[in-house]
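Below are the chains, spelled out letter by letter.
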Amino acid sequence: MSAGETQPLPGMSDLCAPEVFLWQRIEDAARRVFHRYGFTEVRTPLLERLSVFTRAIGEGTDVVQKEMYTLQDRGGREIALRPEGTAGVLRFAADGGPERAEARLYYLGPMFRAERPQAGRKRQFHQIGAEALGPPAPAADAECIALQLHVLRECGLDGFALQVNTRGLPEERAAVSAGLRAALQPRAHELCEDCRRRLETNPLRTLDCKQDGCRAIVAALPPVSSFMGEASRAYLDETMRLLDRLEIPARINPLLVRGLDYYIHTVWELTHPALGAQDALAGGGRYRIEVGGRALDGVGFAIGMERLALALQAAGVTPDAAAARPRVWLAAAGAAQTSDLLVLLQALRKRGVSAGMDLSGRSMKAQMRAANRAGAPWVVIRGEAEASKGVYLLKDMAGGAQREMGLAELLQHFTAP
Ligand code: AMP
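Residues numbered from 1 in each chain as written. Predicted model: local features only at pLDDT ≥ 70, side-chain atom pairs only at ≥ 80, totals over all residues. Heavy atoms only, no water.

Mind showing me how you'd approach the overall build of the chain here?
Of the regular secondary structure elements, the chain holds 14 helices and 16 strands. A globule of 417 residues ought to have a C-alpha radius of gyration of about 22 Å, yet the chain, at 28 Å, is considerably larger. Its C-alpha atoms put the chain at 95 × 55 × 40 Å along the principal axes. For the chain, buried positions account for 49% of its 417 residues. Considering only intrachain contacts with a sequence separation of at least 6, the fraction spanning at least 24 residues in the chain is 69%. Just so you have it, the chain exposes about 20100 Å², and 51% of that area is on carbon and sulfur atoms. Charged side chains of the chain number 52 positive and 49 negative; the gap between the two group centres comes to 4 Å. (Helix = DSSP H or I, 4+ residues; strand = E, 2+ residues; numbered from the N terminus. Rg over C-alpha atoms; globule rule 2.2 N^0.38 Å. Buried < 20%, exposed > 50% of the residue type's maximum accessible area, 1.4 Å probe, protein only. Contact = heavy atoms within 4.5 Å. Areas by Shrake-Rupley, 256 points an atom, 1.4 Å probe, with all protein chains shown as cover. Lys, Arg positive; Asp, Glu negative; His and termini not counted. Charge placed at Lys NZ, Arg CZ, Asp CG, Glu CD.)

In structure tokens, the structure reads:
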């Protein structure tokens, strides 16, 4: 087998100890907060019909045009690995009765985008996300942002920056496109090839072009809200006022639009200085998505788990490996003692004690080495001498002291409060 065969595909990673302990801590913290806000978990399939994504996210977006993993199932149906969570959750919401149109749902899991892998940008990455379905209301948007910050703080993170903007209403999109096109036209020849195409098809998409030249041109554009009606600007003002009342510092970024077509009204992004070039930690926004013949409204967010784990580690929140350490290791001399200790091993575990043992019949010396490696503070030894007396030898690995105990006393030692 060549070296490549043992590695995951480019842009994908195995996640294991010790990092996985940090991930579990993040997941536990997120669930705790979601439940406090009345959200329940939904686990939608990783594969969906391609149209679930193209219709919701938009045909002209980078995600749909360049980044989706698409394939055909055996019946020739076009399917895709989910590049984000909202489209699938909304497909689920549309599949139920009217109560689902006001559901509060969260998810945790992998997403797939065929991007160029680099630090902080993966092809399989993971998101924690939430969707609060229901009609547009600045208070609902402010609550959703507060929830997202609460999740991050519960994980132990601080120091992020929040930028907010508005995408206005679907009926204002034509005016926004026309306004941006007119403003960009004089410098159209300086834009990259993609952006020259976008100028015709969807000028909004020039705002998230990653090329330096385009970014400089775009930075001088008027705010997108200047092409919208008064009601959309008032919606943004009210959302900002509510964030202020919740003591959530936020800044309007007049050119923030985010890369997907389904957004209306509030969009936002959170960055963190520890993340370097890929500093987007999380995003969110209000959307209106047509699915199964009806339009569903909601507001939601996604937090990138890889980036959250990186930011936490930079802030000194490290994986807690101690939780996975056994409290006691069992070591047997000979096959008869191994079977006695296997029974004790299970008796301890059934009583809630984490216990480990090498069951492959290695020497006592090798078993003591294994106990050290596992980091167990206690070892229980059973040799022929102990077996003939019907006792166990309990050894304190820190001090080295040891003493004999009967089974009842031993179980009591590990289970006493
Ligand atoms: P988006 O849906 O693109 O707004 O992504 C939401 C969050 O997911 C981002 O802020 C990132 O933290 C994370 N994310 C998006 N794409 C990737 C990727 N390719 N690799 C790692 N994290 C990502």
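Would you mind showing me how to read the nonpolar core here?
Soluble globular proteins tend to pack their nonpolar side chains together in the buried interior. Grouped together as the largest cluster of nonpolar side chains are 45 residues, with contacts concentrated most on Ile 26, Phe 34 and Leu 308. Tallying contributions element by element places helix H5 (residues 138–155) first for this core, with nine residues. Once residues lying within four places of it in the same chain are set aside, the contact partners of Leu 308 are Ile 26, Leu 152, Cys 155, Leu 157, Leu 281 and Ile 303. If you look at the next biggest cluster of nonpolar residues, it comprises 24 residues, including Val 64, Met 68, Ala 101 and Tyr 263. (Core = buried A, V, L, I, M, F, W, Y, C linked by side-chain atoms within 4.5 Å.)

Explain the sheet that holds strand E3 (residues 70–72) here, please?
The three strands are arranged E2-E4-E3 in an open sheet whose pairing can be described as antiparallel. The strands lining the two open edges of the sheet, one partner per strand, are strand E2 (47–49) and E3. Strand-to-strand twist in this sheet, taken as the mean axis angle between neighbours without regard to direction, amounts to 40°. Where E2 meets strand E4 (residues 78–81), three bridges bridge the pair, whose relative direction is antiparallel. The partner of Leu 47 across the bridge, within E4, is Leu 81. Against the sheet, helix H2 (residues 50–57) touches E2, E3 and E4, its axis set at about 75° to E2. (Pairing = 2+ DSSP bridges. Axes fitted to C-alpha atoms, helices over the stretch in contact; angles between N-to-C directions.)

What exactly am I supposed to notice about the sheet that holds strand E12 (residues 328–332) here?
Consider a sheet: its strands pair through backbone hydrogen bonds, and that pairing is either parallel or antiparallel. The five strands are arranged E13-E12-E14-E15-E16 in an open sheet whose pairing can be described as mixed. Where the open sheet ends on each side, the last strands, each with one partner, are strand E13 (355–357) and strand E16 (402–405). Averaged over neighbouring strand pairs, the angle between their axes works out to 25° when direction is ignored. Bridging between E12 and strand E14 (residues 378–382) involves five bridges; their strand directions are parallel. Within the sheet, the bridge partner assigned to Ala 331 lies in E14 and is Ile 381. Packing of helix H12 (residues 364–374) onto the sheet brings it into contact with E12, E14 and strand E15 (392–396), and relative to E12 it is tilted by some 175°.

Looking at this model, I keep getting lost on unusual backbone geometry. Mind explaining?
One can expect most non-glycine residues to show negative phi and most peptide bonds to be in trans. The linkage connecting Ala 17 with the following residue, Pro 18, adopts the cis geometry, with an omega of 5°. Of note, Pro 18 is situated in the segment before helix H1 (19–36).

Even after reading the chapter, I still don't get the pairing of strand E9 (residues 263–271), so can you show me in this structure?
Counting buried residues in E9 gives eight out of nine residues, a clear majority hidden from the surface. Examined bridge by bridge, strand E7 (residues 161–166) and E9 share six bridges and lie antiparallel to one another. Counted as the bridge partner of Asn 165 is Val 267 from E9. Taken together, the seven bridges between E9 and strand E10 (residues 280–291) define a ladder with antiparallel strand orientation. By the bridge assignment for E10, Ile 264 is matched with Arg 286.

Would you take a moment to explain the pattern of salt bridges for this structure?
The full count for this structure, using the stated rule, is 26 salt bridges. Between Asp 73 and Arg 77 there is a salt bridge; the shortest N-O distance is 3.1 Å. On the accessibility criterion, Arg 77 (46% relative accessible area) is partly exposed. (Salt bridge = Lys/Arg side-chain N within 4 Å of Asp/Glu carboxyl O.)

Just to check I follow, could you spell out H5 for this structure?
Residues lying three or four places apart along an α-helix face the same way, a consequence of the helix completing one turn every 3.6 residues. Look at H5: 26 Å from first C-alpha to last across 18 residues, which is about the 26 Å you get at 1.5 Å a residue. Within H5 the residues assigned to the buried category are Pro 138, Asp 141, Ala 142, Cys 144, Ile 145, Ala 146, Leu 147, Gln 148, Leu 149, Val 151, Leu 152 and Cys 155. A positive backbone phi angle near 105° is found at Gly 156, which sits one or two residues after H5. (Expected span 1.5 Å × (residues − 1).)

How should the site of the ligand be read in this particular structure?
The local shell around the ligand holds 13 residues, among which Arg 113, Glu 115, Lys 122, Arg 258 and Leu 281 are the closest. Side-chain polar atom of Gln 127 to an oxygen atom of the ligand: 3.1 Å apart, as the coordinates give it. Residue Ala 280 places a main-chain N or O atom 3.1 Å away from an oxygen atom belonging to the ligand. Coverage of the ligand by the protein amounts to 89% of the 480 Å² it exposes when considered alone. Every element with two or more residues in the shell around the ligand is listed here: strand E6 (124–133) and E10. The element contributing the most residues to the shell around the ligand is E10, with three residues. Residues of the shell around the ligand, tallied by class, amount to four nonpolar, three polar and six charged. (Near = heavy atom within 4 Å. Polar contact = N/O pair within 3.5 Å; in protein donor to acceptor, adjacent residues only side chain to side chain. Nonpolar A, V, L, I, M, F, W, Y, C, P; charged D, E, K, R; others polar.)

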